[in-house]
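The residues making up each chain are set out below.
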Amino acid sequence: MERGTRTEIPFSNHWVYEDGALTCDGVPLRDVADAHGTPTFVYSGSCIDHAYDRLVAAVPQPCLVAYAIKANSNLHLLRRLAARGCGADIVSGGELRRCLQAGMDPAKIVFSGVGKTDRELALALEAGIRAVHVESAPEIDALEAIAAERGVRAPMTLRVNPDVDPDTHPYIATGLHETKFGLELDAARALLPRVVASPHLRLEGVACHIGSQLGGPDPMRDATEILARFAVECVEAGAELRCIDAGGGWPIRYGDEDAEHAPWPDFGAAIAEGLEAGGAAKLGLELIVEPGRALVGDAGGLLTRVIFIKEQADKRFVIVDGAMTELIRPALYDAYHAIMHVREPGDAAHRPADVVGPVCETGDFFAIDRAVPHLERGDLVLLRGAGAYGMSMASNYNSRPKAAEILVDGGEARVIRRRQTVEDLWRDEL
Ligand code: LLP
């Protein structure tokens with residue numbers, strides 16, 4: 001997370017200049033903008049496939065990759081990942097319905113979140129998901145009651161809060177004592193006998209999630225070790241554990257997306273070390289990981305057009321038609337996203353500018369004081385690293401219809417979500 005004056009344009013196999021024009025897997029982005037308008041999310045299908053394969057190669061096996069669909073829940077992308085064997089980590093009934101709609105195997109779905117409603121828990125049981133990650137004592141009561149009503153045993157894990165510093169932005173840290181997520185270890189321990197004895201609960205495993213975009217593999221190692229020790233305690237308490245879920249947090253390199261791949265093998269090794277150090281390696285458990293941005297972040301870009309260049313004393317604003325309504329990460333976390341020109345800039349001189357959207361918020365910016373090459377009204381730019389937490393956090397603020405989503409696959413650009421119309425904005429209003 002940074003604000004600043006970096007100028008590097010990331011190298012990429014998927015987003016490259018051909019004959020002076022930026023392309024996604026061979027498709028010129030100018031053509032995408034001409035055909036579908038802007039702002040538009042563009043995704044590289046092959047980049048998602050490669051990310052999934054690289055991640056699978058990095059994790060100790062056997063392992064279920066449960067994609068955290070909050071990163072990007074487009075049905076087409078879910079189907080694509082499911083076809084490769086991917087499961088899902090969900091946080092709402094809506095996300096569950098999306099996974100089912102995409103044809104995902106319910107036995108590969110885990111359900112996280114601190115505030116699941118009775119309706120959502122019932123939906124999860126009816127669908128036959130792999131496990132509900134329980135995060136509080138009252139959630140156990142609710143799950144047990146709903147399972148009892150239906151005469152079933154609810155598959156669950158205890159999601160613990162290992163109180164490990166994830167070395168990331170505070171808004172996306174989830175495994176520290178002061179955050180709302182997971183059960184304190186002592187609380188989870190105290191609940192164990194009751195969970196193990198219940199005829200309506202089946203303790204499938206243990207889980208944790210310490211944060212997103214981890215600063216390095218060490219927190220992953222430490223959290224997994226704590227989780228592994230707790231798994232051993234569960235087995236000693238009589239639970240027939242089947243899995244251990246080491247959460248998400250696999251980072252991507254914003255601003256430096258493809259210079260070298262993020263060091264995922266180090267994260268996989270950190271999990272293996274943690275399992276070993278915590279004594280769980282010998283338990284023969286299936287590992288679950290819940291990556292979100294790692295699978296889709298680099299695969300997406302936000303294509304947007306310059307509306308105006310506004311010059312004022314000591315300041316230049318590049319005003320584009322994309323905004324915080326499409327990509328809220330800079331406003332929310334001061335996040336850095338590389339900006340590429342769709343027309344190859346060549347040796348054009350760089351000058352500092354604020355790249356901003358049209359929304360009426362001072363926080364509606366993509367870059368502050370960023371050195372960008374010469375841009376003119378009508379030029380196109382691409383914001384990199386927008387495949388994760390872009391569209392999924394998009395809003396209609398300022399009555400802006402949501403952007404289209406385009407998938408580039410096999411040399412063709414396909415609409416996988418049409419642009420909203422203004423009529424869509426008031427369709428549900430009385
Ligand atoms: N599992 C659980 C339980 C989570 O809460 C999250 C993210 C993930 C997995 C996936 O984390 P990832 O692999 O994507 O880092 N909107 C923020 C991210 C918030 C993520 C919250 N939980 C952003 O744009 O950076």
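Quick caveat, the model's predicted, so the values are computed rather than measured. (Residues numbered from 1 in each chain as written. Predicted model: local features only at pLDDT ≥ 70, side-chain atom pairs only at ≥ 80, totals over all residues. Heavy atoms only, no water.)

Enquirer: I would appreciate a short explanation of the nonpolar core in the present structure.
Expert: Generally speaking, a soluble globular protein has its nonpolar side chains buried in company with each other. Core analysis: the biggest nonpolar cluster contains 104 residues, and Ile244 and Trp250 have the highest contact counts within it. With seven residues, helix 8 (residues 218–236) is the largest single contributor of residues to this core. Leaving out residues up to four positions away in the same chain, Trp250 has contacts with Leu55, Ala58, Val59, Met220, Trp264, Phe267, Gly268, Ile271, Val289, Pro291, Arg293 and Ala294. Of all hydrophobic cores here, the second largest spans 15 residues; its members include Cys24, Leu29, Val42 and Met340. (Core = buried A, V, L, I, M, F, W, Y, C linked by side-chain atoms within 4.5 Å. Buried < 20%, exposed > 50% of the residue type's maximum accessible area, 1.4 Å probe, protein only. Helix = DSSP H or I, 4+ residues; strand = E, 2+ residues; numbered from the N terminus. Contact = heavy atoms within 4.5 Å.)

Enquirer: Explanation requested: the site of the ligand in the structure shown.
Expert: What surrounds the ligand is a group of 20 residues, the closest being Ser212, Glu290, Arg329, Tyr333 and Tyr389. The contact in question runs from an oxygen atom of the ligand to an N or O atom on the side chain of Lys70, over 3.3 Å. Protein contact buries 92% of the 580 Å² of open area that the ligand shows by itself. Residue classes in the shell around the ligand are distributed as seven nonpolar, seven polar and six charged. (Near = heavy atom within 4 Å. Polar contact = N/O pair within 3.5 Å; in protein donor to acceptor, adjacent residues only side chain to side chain. Areas by Shrake-Rupley, 256 points an atom, 1.4 Å probe, with all protein chains shown as cover. Nonpolar A, V, L, I, M, F, W, Y, C, P; charged D, E, K, R; others polar.)

Enquirer: Explain unusual backbone geometry to me, please; I cannot follow it from the model alone.
Expert: The general pattern is negative phi for most residues beyond glycine and trans for most peptide bonds. Along the chain, Thr38 connects to Pro39 via a cis peptide bond; the corresponding omega equals -5°. Summarising the element assignment, Pro39 is placed in the loop between helix 1 (29–36) and strand 4 (40–44). Cis geometry marks the peptide bond from Gln61 to Pro62, where omega comes out at 0°. As for its position among the elements, Pro62 is in the loop between helix 2 (45–58) and strand 5 (63–68). Non-glycine residue Asp163 carries a positive phi angle of around 55°. The exposure class of Asp163 is partly exposed, given its relative accessible area of 44%. A positive phi angle, near 50°, is found at Asp369, a position not held by glycine. Tracing the sequence through the fold places Asp369 in strand 18 (residues 365–373).

Enquirer: Explanation requested: helix 1 in the structure shown.
Expert: Think of an α-helix as turning once every 3.6 residues; residues three or four places apart then point the same way. Within helix 1, the full set of buried residues consists of Leu29, Val32 and Ala33. Along the axis of helix 1, the buried positions cluster into a sector of 95°, meaning they face one direction only. Facing away from the buried side of helix 1 by more than 90 degrees, the exposed set consists of Asp34 and Ala35. After helix 1 finishes, the residue Gly37 shows a positive phi value of roughly 80°. (Arc of directions from axis to C-beta.)

Enquirer: Would you mind showing me how to read the environment of Ser395 here?
Expert: In this structure, Ser395 sits in the loop between strand 19 (380–383) and strand 20 (404–409). Relative accessible area serves as the criterion here: at 29%, Ser395 is assigned to the partly exposed category. Expressed as a C-alpha distance, the spacing of Ser395 and Arg30, which sit 365 residues apart in the sequence, is 25 Å. Excluding its chain neighbours within four sequence positions, the residues that come into contact with Ser395 are Thr325, Arg400 and Lys402. For Ser395, the side chain forms a polar contact with the main-chain nitrogen of Tyr397, separated by 3.2 Å.

Enquirer: Honestly, the sheet that holds strand 1 (residues 15–18) in this entry has me stumped. Any pointers?
Expert: Backbone hydrogen bonds hold the strands of a sheet together, and the pairing may be parallel or antiparallel. Strands sit in the order 1-2-3 across an open sheet of three strands; the sheet is antiparallel. Both edges of this open sheet fall to strand 1 and strand 3 (27–28), since each of them pairs with a single strand only. Across two bridges, the pairing between strand 2 (residues 21–24) and strand 3 is antiparallel. Paired with Cys24 across the bridge in strand 3 is Val27. (Pairing = 2+ DSSP bridges.)

Enquirer: I'm lost on the packing of aromatic side chains in this one. Help?
Expert: Each aromatic ring pair is summarised here by two numbers: the centre-to-centre distance and the angle between the ring planes. All chains considered together, the criterion is met by two aromatic pairs. Their ring planes at 10° and their centres at 6.3 Å tell us that Phe41 and Tyr43 sit as a pair that is stacked. Summarising the burial analysis for this pair, Phe41 and Tyr43 share the class buried. Their ring planes at 35° and their centres at 5.9 Å tell us that Trp250 and Phe267 sit as a pair that is tilted. You can see Trp250 sitting in the loop between strand 12 (243–245) and helix 9 (264–277) and its partner Phe267 sitting in helix 9, a full 17 residues away along the chain. For Trp250, a relative accessible area of 2% corresponds to the buried category. Take Phe267: its relative accessible area is 1%, and that puts it in the buried class. (Phe/Tyr/Trp six-rings, centres within 6.5 Å; stacked < 30°, edge-to-face > 60°.)

Purely spatial values, then, with no claim about function.
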